[in-house]
Amino acid sequence: MKLLVVIAVALALNSCNTCIGIGRDTVQGYNWTKSKIQGTPSDDSAGAPVY
């Protein structure tokens, strides 16, 4: 039963915008962490998303 719920949730969240958003958030988090560790300024471009 738990597996069925997990599969249903995964299918519900499997839209293009959700996957793109998760990917971008992951990349942005990686870049932010890397810049904090290395002490370099980060590229904080807060513009519109580019597809």
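Thresholds applied
Residues numbered from 1 in each chain as written. Predicted model: local features only at pLDDT ≥ 70, side-chain atom pairs only at ≥ 80, totals over all residues. Heavy atoms only, no water. Helix = DSSP H or I, 4+ residues; strand = E, 2+ residues; numbered from the N terminus. Areas by Shrake-Rupley, 256 points an atom, 1.4 Å probe, with all protein chains shown as cover. Expected span 1.5 Å × (residues − 1). Patch = residues over 30% accessible without salt bridge, like charges linked within 9 Å, V, L, I, M, F, W, Y side chains within 5 Å. Salt bridge = Lys/Arg side-chain N within 4 Å of Asp/Glu carboxyl O. Buried < 20%, exposed > 50% of the residue type's maximum accessible area, 1.4 Å probe, protein only. Polar contact = N/O pair within 3.5 Å; in protein donor to acceptor, adjacent residues only side chain to side chain.

Structural notes on the overall build of the protein
- When helices and strands are tallied, the protein shows two helices and zero strands.
- Looking at the protein as shown, the accessible area adds up to about 4,700 Å², and 67% of this sits on carbon and sulfur atoms.

A look at helix H2 (residues 16-38)
- For H2, built from 23 residues, the straight-helix expectation of 33 Å at 1.5 Å per residue is met to within 8% by its first-to-last C-alpha distance of 33 Å.
- Backbone geometry just after H2 places Gly 39 at a positive phi near 75°.

Some words on a nonpolar patch on the surface
- The grouping of Leu 3, Val 6, Ile 7 and Leu 11 at the surface amounts to a nonpolar patch, some 420 Å² of accessible area in total.
- Structurally, the position occupied by Ile 7 is in helix H1 (residues 2-12).
- Here Ile 7 falls in the partly exposed class, since its relative accessible area comes to 40%.

Notes on the side chain of Ser 35
- Along the chain, the position of Ser 35 falls in helix H2.
- Within the structure, Ser 35 has its side chain in polar contact with the backbone oxygen of Trp 32 (distance 2.8 Å).

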